[in-house]
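Listed below, chain by chain, are the residues.
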Amino acid sequence: DVTGGYVSDLLSDVIAHAQEGDVWITLQKHVNIVAVAHLKGLAGIVLVGGRQPEPETVARAGDEHVPIVTTPLSAFEAAGLLYGLGVRGGKNPESVRA
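Per chain, residue numbering runs from 1 following the sequence as it is written. Confidence filtering applies because this is a predicted model: local features only for residues at pLDDT of at least 70, side-chain atom pairs given and counted only at 80 or more, and all residues used for totals across whole chains, interfaces and linings. The side-chain figures draw on all heavy atoms in the structure; neither hydrogens nor water molecules are used.

**Student:** Could you give an account of the overall build of the chain, naming the residues involved and the relevant values?
**Tutor:** Strands are runs of DSSP state E lasting at least two residues, helices are runs of H or I lasting at least four, and both sets are numbered from the N terminus onward. Across its full length, the chain holds 4 helices and 4 strands. In sequence order, the chain lays out its α and β elements as β-α-β-α-β-α-β-α. We take the radius of gyration over the C-alpha atoms and set the globule estimate at 2.2 Å times the residue count to the 0.38 power. Its C-alpha radius of gyration of 12 Å places the chain within 12% of the 13 Å reference for a compact globule of 98 residues. Its C-alpha atoms give the chain principal-axis dimensions of roughly 40 × 25 × 25 Å. Exposed residues in this analysis have more than 50% of their type's maximum accessible area, buried residues have under 20%, and partly exposed residues fall in between, with area computed by a 1.4 Å probe over protein chains only. For the chain, buried positions account for 32% of its 98 residues. Taking the contacts inside the chain whose residues are at least 6 apart along the sequence as the reference set, 38% of them involve residues at least 24 apart. Areas reported as accessible are Shrake-Rupley estimates using a 1.4 Å probe. Residue values count occlusion only from the protein chains shown. Entry remark: accessible area of the chain is about 5800 Å², with carbon and sulfur atoms responsible for 57%. For the purpose of charge, His is not counted, nor are the chain termini; Lys and Arg are scored as positive and Asp and Glu as negative. Here the site of a charge means atom NZ of a Lys, CZ of an Arg, CG of an Asp or CD of a Glu. Counting 7 positive and 11 negative side-chain charges, the chain places the centres of these two groups 5 Å from one another. Contact definition: two residues touch when any of their heavy atoms are within 4.5 Å.

**Student:** Can you lay out the environment of Asn-32 for me, pointing to particular residues and giving the numbers?
**Tutor:** You can see Asn-32 is positioned in helix H2 (residues 32-40). A residue is classified by how much of its surface remains accessible, and Asn-32, at 43% relative accessible area, is partly exposed. Expressed as a C-alpha distance, the spacing of Asn-32 and Ile-68, which sit 36 residues apart in the sequence, is 13 Å.

**Student:** Please set out the sheet that holds strand S3 (residues 44-47) residue by residue, giving values where relevant.
**Tutor:** Working definition: the strands of a sheet are paired by backbone hydrogen bonds and lie parallel or antiparallel to each other. If you trace the 4 strands from one edge of the open sheet to the other, you get S1-S2-S3-S4, paired in parallel fashion. In the strand order of this sheet, the two ends are held by strand S1 (4-7) and strand S4 (68-70), each with one partner. Taking each pair of neighbouring strands and ignoring which way they run, the sheet shows an average axis angle of 25°. Alignment of strand S2 (residues 22-26) against S3, held across 4 bridges, turns out to be parallel. Counted as the bridge partner of Thr-26 is Leu-47 from S3. The angle between two axes is taken between their N-to-C directions and runs from 0 to 180 degrees, where each axis is a line fitted to C-alpha atoms and a helix contributes only its stretch in contact. Sitting on the sheet, H2 touches S2, S3 and S4, and the angle it makes with S3 is about 145°. Contacts between helix H4 (residues 75-84) and the sheet are confined to S1 and S2, with S2 contributing the most and set at about 160° to the helix. Between any two strands, pairing holds if DSSP finds at least two bridges.

**Student:** Pulling in residues and values, what's your account of the side chain of Thr-26?
**Tutor:** By secondary structure assignment, the location of Thr-26 is in strand S2. Take Thr-26: its relative accessible area is 1%, and that puts it in the buried class. Whenever two N or O atoms come within 3.5 Å, that pair is a polar contact, provided that in protein one can donate a hydrogen and the other can accept it, and provided that, for residues adjacent in sequence, both atoms are side-chain atoms. Separated by 3.0 Å, the side chain of Thr-26 and the backbone nitrogen of Gln-28 make a polar contact. Leave out the neighbours within four places in its chain, and Thr-26 touches Ser-8, Asp-9, Ile-45, Val-46, Leu-47 and Val-48.

Bear in mind that shape data such as this cannot, by itself, settle questions of function.
Below, the structure is given as structure tokens:
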């Protein structure tokens, strides 16, 4: 189940701030994204900008049951689309609200 969303391309940032159940939007496509998603209990990974995951990434995602989807949209557009569908971020107490 998707319970929130997080957008970042820095693995250390995702480890520090993403929450369990978040869907993660990133342009990274290497195998380490699966390890981070699995570690944090993320709902899945959205690769933006038409990027395709590396073969090793696909294999590891299958092993770890981490869904990966791709989109030609930019990170900004993908986040906006998910927001429009009701996905929210900011469950982290350190999040800044405008």
